[in-house]
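Residue strings, one per chain:
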Amino acid sequence: MLFRSAKGKISQRAKDYVTLIGARVIADIIDHFENEQGPTGRWAPWSEAYRLQMAKKGKAGNKILQDTGRLKGGWMPARYRKSKQGVLWFNPVKYAGAHDQGTNRLPKRQFTWLSSKAMSNISEDTVKFMLKKR
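This write-up is about the structure you can find in this document. Here the residue numbers are simple positions, counted from 1 along each chain's written sequence. Since the coordinates come from a predicted model, pLDDT governs what is reported: local features require at least 70, and pairs of side-chain atoms require 80 or more to be given and counted, while whole-chain, interface and lining totals use all residues. With hydrogens and water excluded, all non-hydrogen atoms of the structure serve as input to the side-chain values.

Turning next to the layout of surface pockets. By volume, the largest pocket is sized at about 380 Å³. Looking at the lining of the largest pocket, the elements that each hand over two or more residues are α2 (48–56) and α3 (70–73). Polar here means any residue other than Ala, Val, Leu, Ile, Met, Phe, Trp, Tyr, Cys and Pro, which are nonpolar, and Asp, Glu, Lys and Arg, which are charged; Gly is therefore polar. Classifying every residue of the lining of the largest pocket gives 10 nonpolar, 5 polar and 5 charged. The method works on a 1 Å grid over the protein atoms by themselves. A cavity is a set of points holding a 1.4 Å probe that cannot get out, a pocket is an open set with protein on both sides within 12 Å along at least five of seven lines, and residues with an atom within 4 Å of a point line them. Grid points are joined across faces, edges and corners, and a volume is the space filled by probe spheres set on the points. Strands here are runs of E lasting at least two residues and helices are runs of H or I lasting at least four, both read from the DSSP assignment and numbered beginning at the N terminus.

So, about the side chain of Asp-125. Mapped onto the elements, Asp-125 comes out in helix α5 (residues 116–131). Side-chain polar atoms of Asp-125 contact the side chain of Arg-24, separated by 2.7 Å. Throughout, a residue-residue contact means that at least one pair of heavy atoms, one from each residue, lies within 4.5 Å. Excluding its chain neighbours within four sequence positions, the residues that come into contact with Asp-125 are Leu-20 and Arg-24. N or O atoms within 3.5 Å of each other form a polar contact, as long as, within protein, one can give a hydrogen and the other can take it, and as long as residues adjacent in sequence are counted only when both atoms are side-chain atoms.

Moving on, we get to the side chain of His-99. Within the secondary structure layout, His-99 lies in helix α4 (residues 96–101). For every residue, the accessible area obtained with a 1.4 Å probe (protein chains only) is divided by the maximum for its type, and the residue is called buried under 20%, exposed over 50%, and partly exposed between those limits. Under the relative-accessibility criterion, His-99 is labelled buried at 14%. Ignoring sequence-local partners within four residues, the contact set of His-99 consists of Leu-65, Leu-71, Leu-106, Pro-107, Lys-108, Arg-109 and Phe-111.

Summarising the element assignment, Asn-62 is placed in the loop between α2 and α3. Through-space distance from the C-alpha of Asn-62 to that of Pro-107 is 17 Å; in sequence the pair is 45 residues apart. Non-local contacts of Asn-62, meaning those with residues more than four positions away in its chain, are made with Trp-46, Met-54 and Asp-67.

What follows is the structure, encoded as structure tokens:
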């Protein structure tokens, strides 16, 4: 949902709105990393071989998808672009999509989804924003 000015540029009000809801979107994605869960439940555990590899490195207690922190840290409210569907937040880490969607070698561990709590908060924020005068 982007607002355009007469010259086709995104208005400041639209940027303010995207900033407002972006904080909610990113906070929810970060919660998914912290809780290690997707929309249907807990993420698949590490394979036994990977668990042993991490243990040898002294990282047996690490959370799933949080070895270096780059993947989780790549999510920021200001990292968005407009798309045909509206606003798209993105993670510049190249392997983010592979982990989120899964591959032949990686189990699907979704983190780019919105919880019902986040959706409710975004809805409330949207109503407040729309009622707010310029």
